[in-house]
Amino acid sequence: MAKNAMDFRPEEENVAYIGAGVTLKGEISASDLIIVDGAIEGDVSARVIQVGQGGVIRGNVSATEADVSGWISDHIEIKQLLVVRASGRVEGKITYGEIELEKGAVIAGELTAIEDYRAAKPALAAKPAAERVEIAGAPPKPSSIDRINEAVRGAKGAKGALYLAAEGEAKRVATRTLLGRKTSAGG
């Protein structure tokens, strides 16, 4: 996705780095990348935002992609992919194109999927009949992800899309979001 703090070079253009121990109050904008290992209190916008484990952003966040190992709160709008790592926490009004959560990630608040983003993505073609294998009389054994997805589909007030994938599973399974609940996928 994005460069990490270890790959950051001060001579790079269109990149901002907020180091550990630094607190920035106000608005910050970069056309490419913002790496946050310190704290920002205010509006943040960039193509890609990366929040390290010790990083904190409190304010309006707008980006195409975000990778969060730290903490973001308030109003978050990620147009494409929001990745929340195991140590990450995202709270507030969250709008996203796609979301990926590692086991242990925390999401709290109002979640809304950008419907236009999902509609613009090419639909996955169905497998040809020759590739499908069905055994008469034996229903397939549901995976742990299938059980989570079924529970999510039946949740009251569920809306939008959430993608859950357990370690080792290559596919993403579209489900519905849960408002204000911690959600993680495990084996």
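The sections below set out a description of the structure shown in this document. (Residues numbered from 1 in each chain as written. Predicted model: local features only at pLDDT ≥ 70, side-chain atom pairs only at ≥ 80, totals over all residues. Heavy atoms only, no water.)

Scanning the chain for helices and strands turns up 2 helices and 13 strands. Per-residue burial over the chain gives 41% buried out of 187 residues. A sequence separation of at least 24 residues applies to 21% of the contacts in the chain between residues at least 6 apart. For the chain, the accessible surface area stands at approximately 10,600 Å², while carbon and sulfur atoms represent 51% of it. (Helix = DSSP H or I, 4+ residues; strand = E, 2+ residues; numbered from the N terminus. Buried < 20%, exposed > 50% of the residue type's maximum accessible area, 1.4 Å probe, protein only. Contact = heavy atoms within 4.5 Å. Areas by Shrake-Rupley, 256 points an atom, 1.4 Å probe, with all protein chains shown as cover.)

Bringing unusual backbone geometry into the picture now. Within the chain, Asn14 stands out as a residue other than glycine whose phi angle is a positive 60°. Along the polypeptide, Asn14 turns up in the segment before strand S1 (15-18). On the basis of relative accessibility, which here comes to 46%, the residue Asn14 falls in the partly exposed class. The backbone of Asp74 shows a phi angle near 100°, a positive value even though the residue is not glycine. Residue classification places Asp74 among the partly exposed residues on the basis of a relative accessible area of 43%.

So, on to the pattern of salt bridges. Pairing between side chains becomes possible if they bear opposite charge and their charged atoms approach one another. Under the definition given, this model contains 5 salt bridges. Here Arg58 makes a salt bridge to Glu41, at a shortest N to O gap of 3.3 Å. Separated by 17 residues along the polypeptide, Arg58 in strand S7 (residues 56-58) and Glu41 in strand S5 (residues 39-41) bring together distant segments of the chain. Here Glu41 falls in the partly exposed class, since its relative accessible area comes to 32%. We note a salt bridge from Arg85 to Asp67, for which the minimum N-O separation is 2.7 Å. Pair noted here: Arg85 is in the loop between strand S9 (71-84) and strand S10 (89-101) and Asp67 is in strand S8 (residues 61-68), with a separation of 18 residues, a long-range link. Through salt bridges with shared partners, a single network forms among Asp67, Arg85 and Glu102. (Salt bridge = Lys/Arg side-chain N within 4 Å of Asp/Glu carboxyl O.)

For the rest of this paragraph, the subject is the environment of Ile72. Take Ile72: it is sitting in strand S9. We classify Ile72 as buried; its relative accessible area is 1%. Residues contacting Ile72, with those up to four places away along its chain left out, are Val51, Ile57, Val61, Arg89, Val90 and Glu91.

The next point concerns the pairing of strand S6 (residues 44-51). Burial of S6 is extensive: 6 of the 8 residues sit out of reach of the surface. Bridge count between strand S4 (residues 33-36) and S6: 4 bridges; the pairing is parallel. Within S6, the residue paired with Val36 across the bridge is Val51. (Pairing = 2+ DSSP bridges.)

All right, on to the nonpolar core then. Core analysis: the biggest nonpolar cluster contains 30 residues, and Ile34, Ile49, Ile57, Leu82, Ile94 and Ile107 have the highest contact counts within it. Within the residue set of this core, elements represented by two or more residues are S1, S4, S6, S8, S9, S10 and strand S11 (106-113). With near-sequence residues (within four places) excluded, Ile94 lies in contact with Ile76, Leu82, Ile107, Ala108, Glu110, Leu111 and Thr112. (Core = buried A, V, L, I, M, F, W, Y, C linked by side-chain atoms within 4.5 Å.)

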